[in-house]
Structure formats: structure tokens, C-alpha cells
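Each chain, written out:
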Amino acid sequence: MSDANTRSTDSGIPIKPVYDATDLPGTVTGKPGQFPFTRGIQPDMYRGKLWTMRQYAGFSTAEESNKRYHYLLSQGVSGLSVAFDLPTQIGYDSDHPLSEGEVGKTGVAIDSIGDMALLFKGIKLEEVSTSMTINATGYILLAFYTALAKQQGADLSKINGTIQNDILKEYAARGTYIYPPKPSMRIITDIFEWCSHELPKWNTISISGYHIREAGSTAVQEIAFTLSNGKAYVQAALQKGLDINVLGKRLSFFFNAHNNLFEEVAKFRAARTLWAGIMKELGATDPKAMMLRFHTQTGGSTLTAQQAHNNITRVTLQSLAAVLGGTQSLHTNGYDEALSLPTEEAARIALRTQQIVAYESGVTDTADPLAGSYFIEALTHEVETAARQLMDKIDAMGGSVTAIEEGFIQDEIARSAYEYQQQIERNEKIIVGVNKFQQEEVNKIPIFRVDDSIRQVQSDRLTRLRQERDQKRCNQLLAQLTEKAGSGENIMPVVLAAVENKCTLGEISDTLRAVFGEYK
């Protein structure tokens, strides 16, 4: 057991009982909007513009998810965030044998351009910012979205949104990969290159620490591993001949927010500092290409099934951490998400939490309001130093791809997850309602359930699609995709043509499986 007087953050950084001026790490760094952007990327932060309020949603069929999107837009969300079901994430159509039991469960089922049209029915893509949490099949979903925008007559230069498209963290933490790392990286750089010409406002990747943290990493590991992955993506793009000053402005990050308020704020400030330095070292000269822009989601793994209403308070703390840390976009989890997908009521309370922080708390009135705090400045420096040491270790191994191939990052996350669970079991880490302040309870919280009949609905739709389309043209386009994947040419133009001609997500994924193989 540790000494009761000894305190540390969740990353194991020791915390002193009191901080004073002697703890400040030299001078407090710069002003908001100035390199290295420790204090934020905008001079006036939220006085100029509030963060984008998103609610991550997607379930069942495209029609059902579309109803939720219209509801959220009516309640004041300023951006949509799409969750896809597991078959969509790993490249199987809903009628594939491996899709059974999973269609529409963790998100919405999208098999074709027809499903994408239903998903956004009544929503003009030119007028909404859309974030899509999709990785291995991200290139296909981006093609669906682009094809739909063209059908709507949209100006593609105005289409605004983000595709997660971060495959390295899938190998390290989450598992929804298809192809081996090297061809996966090639697909990502194809997307970078294609979007630079066709979708200039699209954020081509959201480099995700969220799932690394959900898998059990510490806050320090979250930013170290995420920024190392980001560095690998930029290096791959530079090898392809892309301009770092153009690419850098289209990169975004995706972080988690947990309950340790001050460590989380320090983490966000340290991440901006570190990324600005990385981009400068890699050759960026435009300050906007050195800015770390990020979306935050409150911590799913912190939500408890016990005394679930306590999660509203946890989400509030995490929202404050994200805003005090300078996020550009935020999703707040529903209090019932340890039990099921969020109900409409839980999603509304989660959105209202953001709105109360934005309009009632006063934390948006000045940029980086915790700057100059002895504790925050010292802790920001400590997190930055610890993360830099871990990143140096990854660089010495040859970078993120090698560190993942050798299992280093996976082992580090697993060790941290085990140590955290041990602390809970030893009552060194208190989780209210779980290992302290428990009570007997009968769950009266309504559970959101997705009907298993959805798979049949999607399968019938696929049957009709295949009967109505020009099969010969589909075969030609899939053959062209095989050829371009093998030759090294950019695959995005032919993928877009394929989806426009009603090729399915599973067919396109399988075509590349035949060329690249599958990662085991």
C-alpha cells in the first residue's frame, strides 16, 4: 500500500501538497494563438467561436440514425458524428455470414451509396460538418460521402468534416483493421493526396488517442503514442511528395477526457506544445500547419453501470477538462452508455451538459483561464517531459509502425491497464458506487435495444441493389481497382467511381483483401 500522504496523477506523476513560484518551469510559455500553442490555437479562444458541439450517434438502419440526427440538430448540435456498426468497420456487407448478430448494433449499417443517401436524407452536406469514426474502410465511406455530395449538387470545395482514418491505433488498441500496416498506410496517403485536390476543406485524418486511453493507457501514454502515430503519418505523406504546410492544416487529433481534471488539462496543453515542435522539426514553416487541433470525447471507460446517474457528474468534469484544455470539438457521453447505446433522453442531457458549460459556467470568457497556476504549469511541464521520453524511445525503435509490429505499444498499454485495475481492487483508487459508497439497486434505467431483424432489412436491400445495377460495369471497376492497388496508383478515383456505380462496401474491401492480404 502506498503512503496515505503520497499522491500522484493517474499517470503516476507525484503531486506535492502545495505549489509555489519555485515550481514554475521557467517562464510561462507564450500567448494563446502563438507558437508553440501551449495556451491554445486561437488568440481569443471561445470568445471568438465556441467549440463544435457534436453527439456521436449511429445505430440500426440509416433511416433510424437519420431520425436521431434530425433530432440532435433540432436540439442545437453544430456538427454530426457518425458511428458505424462492426461489419461496416471491418469491410463486410450486412448479408455476409460474419456479420450475423452485429448488424446495426455498435453503429449504423452502411453497405452502399443508397444507405448513405438515407443516412443524410434532408441534410445538406454543404451546410453541416460531419465526423465519421471509421478507419480500415475509411476510404470507402469517404467515397460514399463524396458521391452523395455530388448527387446533392454540392460544391466539393465547401464540404467540411473529418474522417478518423487512423489505422495505427487499430493495431495497437482497438482491432478493427483489415490489411497489414504497410498497405494500410499507403491507402491513408492516397486519401491525403486525393483530398488535397478534390476536398480541400476535409480533415483527412483524426489521429486518435481516444481508443488508446479506452484500452487502458495513462494520460501520458495517450499523447505519446498518438503523437508518435501522427509523426508516422506525416513522414509517410512527405515520402509521397505532399507539402507539409498544406497537409498540416488538414490534420486533426481525437483525445479522451477522464476524471482527473488537472492532469487532463495539462495533457491537452502539453500535446499542443509537443506537436508544434514535431511539425517544426519535420519542416513546417506555416504556423497553422503546426497547430494541434483536436476533438474530445468524454471517457467511455470511466462510466459505471452501478449508480449510472453518477455518470452525469463524471461527464461534466470531463467536459470542463476538455474546454479548459482548449478543445475545438466535443462529444459528451450519455449517462447510460455502460448499459446500452444512449437513449434519446440521455443524449439530450449529454448535449445540455456541453451547453451549460458553454453558456453558464464562465469558463469560456477568457483564453486558457488556468494559465499561470503554479500547479497547472508544473504539471503541464511534467506531462510534456514524460511523454517526450516515451516518444524518444519509440523513435529509437524506428517509429510507431515498428513499435506496433514489435508489440511495444500494446504491451505498455496492457501493463498500465492491469496496474490501474489492481489499484481499484486494492481500494487505492476509489470509484464511487463501485468500490466505495455502494448500494443495493434495481436498475430502472431504460435500455436502448437494437432489433436483430435489421440484418434481414439490409440483406433485402442489398439483393435489390445487385439486381438493379449494371453488373458488368461494377466488374470492370473492381478489376480496375485491383490493377491500381497493384501498380501503386492512387486508388481513390476508381473507388469513387465504384460506389457511384453501386458497388458495395464489402465488394470493394474484398477486392483489396485479394491484393494486400489480411493482417493476423
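Residues take numbers from 1 onward in each chain, read along the sequence in its written order. Reporting of local features is limited, given that this is a predicted model, to residues whose pLDDT is at least 70; pairs of side-chain atoms are given and counted only at 80 or more, and all residues count toward the totals for whole chains, interfaces and linings. Remark: hydrogens and water are excluded; side-chain values derive from all non-hydrogen atoms of the structure.

Student: How do you make sense of the packing of aromatic side chains when you look at a structure like this?
Tutor: Where two aromatic rings form a pair, the distance of their centres and the angle of their planes describe that pair. Pairing of aromatic rings covers Phe, Tyr and Trp, the last counted by its six-membered ring, and requires centre-to-centre distances within 6.5 Å; plane angles under 30 degrees mean stacked, over 60 mean edge-to-face, and any other angle means tilted. This structure, assessed with the given rule, holds 17 aromatic pairs. Plain terms: the ring middles of Phe262 and Phe375 are 5.6 Å apart, the flat faces sit at 70° to each other, and that makes the pair edge-to-face. Highlighted residues: Phe262 in helix H10 (residues 261-281) and Phe375 in helix H13 (residues 374-397), separated in sequence by 113 residues. Classification of residues uses two cut-offs on accessible area relative to the type maximum, computed with a 1.4 Å probe and protein chains only: under 20% is buried, over 50% is exposed, and between them is partly exposed. Residue classification places Phe375 among the buried positions, given a relative accessible area of 18%. Chaining the aromatic ring pairs together yields one cluster made of Phe253, Phe255, Phe268, Trp275 and Phe294. The criterion for a charge sitting over a ring is simple: Lys NZ or Arg CZ within 6 Å of the ring centre, and within 35 degrees of the ring normal. Above the ring of Phe35, the side-chain terminus of Lys280 is found at 4.6 Å from the ring centroid. The secondary structure listing takes helices from DSSP runs of H or I that are at least 4 residues long and strands from runs of E that are at least 2 residues long, numbered from the N terminus.

Student: How should the pairing of strand E3 (residues 52-57) be read in this particular structure?
Tutor: Two faces belong to every sheet, and in a regular strand the side chains alternate between them. Taken across its 6 residues, E3 has 5 buried, putting it largely inside the fold. Paired strands are those between which DSSP finds at least two bridges. Relative to strand E11 (residues 329-331), E3 runs parallel, the two being bridged by 3 bridges. Paired with Thr52 across the two strands is Ser329, which belongs to E11. As judged from the 4 bridges shared by E3 and strand E4 (residues 79-83), these two strands associate in the parallel manner. Across the sheet, Gln55 pairs through a bridge with Leu80, a residue of E4. Note on the crossover from E3 through helix H1 (residues 62-75) to E4: the handedness is right-handed. Seen with the strands pointing away from the viewer, any crossover whose path from the first strand over the helix to the second strand runs clockwise is right-handed.

Student: How should I be thinking about H1 in this particular structure?
Tutor: Expected helix span is computed as 1.5 Å times (number of residues minus one). Look at H1: 20 Å from first C-alpha to last across 14 residues, which is about the 20 Å you get at 1.5 Å a residue. Three or more residues of H1 are buried, namely Ala62, Ser65, Asn66, Arg68, Tyr69, Tyr71 and Leu72. Contacts: residue pairs with any heavy atoms within 4.5 Å of one another. In the core, the buried residues of H1 are packed alongside E3, E4, helix H3 (113-119) and helix H12 (344-360). Two residues or fewer past H1, Gly76 is found with a positive phi of approximately 110°.

Student: Would you mind going over the sheet that holds strand E6 (residues 161-163) with me for this structure?
Tutor: Across a sheet, strands are paired by hydrogen bonds formed along the backbone, either parallel or antiparallel in direction. With parallel pairing, 9 strands are arranged side by side in an open sheet as E7-E6-E5-E4-E3-E11-E10-E9-E8. Each edge of the open sheet is held by one strand with a lone partner, namely strand E7 (202-203) and strand E8 (205-208). Of the strands in this sheet, E3 and E4 are in contact with H1, which crosses E4 at around 150°. Here the axes come from fitting lines to C-alpha atoms, over the contacting stretch only for helices, and the angles between their N-to-C directions go from 0 to 180 degrees. Packing against the sheet, H12 makes contact with E3 and E11, and its axis sits at approximately 165° to E3.

Student: I tried to follow the nonpolar core on my own but got confused; where do I start?
Tutor: Side chains of nonpolar character tend, in soluble globular proteins, to be buried together. In these notes, a set of buried Ala, Val, Leu, Ile, Met, Phe, Trp, Tyr and Cys residues joined through side-chain atoms within 4.5 Å is what counts as a nonpolar core. By size, the foremost hydrophobic cluster in this structure holds 138 residues, and its most contacted members are Phe120 and Tyr139. At 11 residues, the largest contribution of residues to this core is made by H10. Beyond its immediate stretch of four places on either side in the chain, Phe120 contacts Asn66, Leu80, Val82, Leu125, Thr130, Tyr145, Leu148 and Gln152. Of all hydrophobic cores here, the second largest spans 5 residues; its members include Phe59, Val103, Ala109 and Val450.

Student: Help me understand empty space enclosed by the protein in this model?
Tutor: Unfilled space is identified by rolling a water-sized probe across the atoms. Here a cavity denotes a set of grid points, spaced 1 Å apart and computed over the protein atoms alone, in which a 1.4 Å probe fits but from which it cannot get out, and a pocket denotes an open set meeting protein on both sides within 12 Å along at least five of seven lines; residues with an atom within 4 Å of a point are reported as lining. Grid points are joined across faces, edges and corners, and a volume is the space filled by probe spheres set on the points. Tallied over the entire structure, the rule returns 5 cavities of 30 Å³ or more. The space that makes up the largest cavity amounts to roughly 80 Å³. Contributing to the lining of the largest cavity are Asn135, Ala136, Tyr139, Asn165, Asp166, Ile167, Ile178, Tyr179, Ser184, Ile187, Ile188 and Ile191. Gly is put with the polar residues, along with every residue not named as nonpolar or charged; the nonpolar set is Ala, Val, Leu, Ile, Met, Phe, Trp, Tyr, Cys and Pro, and the charged set is Asp, Glu, Lys and Arg. Per-class residue counts for the lining of the largest cavity are 8 nonpolar, 3 polar and 1 charged.

Student: Before we go on, may I ask you to explain a nonpolar patch on the surface in this structure?
Tutor: Candidate patch residues must exceed 30% relative accessible area and have no salt bridge, after which like charges are joined if within 9 Å and Val, Leu, Ile, Met, Phe, Trp or Tyr side chains if within 5 Å. Only the protein chains shown count as cover for residues, and all accessible areas are computed by the Shrake-Rupley method using a 1.4 Å probe. Note on definitions: salt bridges are taken to be side-chain nitrogens of Lys or Arg within 4 Å of carboxyl oxygens of Asp or Glu. A surface patch of nonpolar side chains, about 260 Å² in accessible area, is lined by Ile430, Val432 and Phe437. Along the chain, the position of Ile430 falls in the loop between helix H15 (408-425) and helix H16 (454-468). Note on Ile430: relative accessible area 36%, which makes it partly exposed.

Student: I keep staring at the packing of helix H6 (residues 181-198) against helix H8 (residues 219-239) and nothing clicks. Help me out?
Tutor: H8 packs onto H6 with a crossing angle of 70° between their chain directions and a minimal axis gap of 10 Å. The orientation of H6 with respect to H8, classified from their angle, is roughly perpendicular. The two elements H6 and H8 cross, and the hand of that crossing is right-handed. Contacts between H6 and H8 involve Met185, Ile188, Thr189 and Phe192 from the first element and Ala232, Tyr233, Ala236 and Ala237 from the second. Working rule for angles: under 35 degrees goes down as roughly parallel, over 145 as roughly antiparallel, 65 to 115 as roughly perpendicular, anything else as oblique. For a crossing to be left-handed, the near helix must be turned anticlockwise from the far one by less than a right angle; the clockwise case is right-handed.

Student: How do you make sense of the state of the cysteines when you look at a structure like this?
Tutor: What is meant by a disulfide is a covalent connection between two cysteines, made through their sulfur atoms. The rule for a disulfide is simple: a pair of cysteine sulfur atoms within 2.5 Å. Under the counting rule described, the total for this entry stands at 0 disulfides. The cysteine Cys474 is free of any disulfide, with Cys503 supplying the nearest cysteine sulfur at 3.7 Å. Residue Cys474 is classed as buried on the basis of its relative accessible area of 0%.

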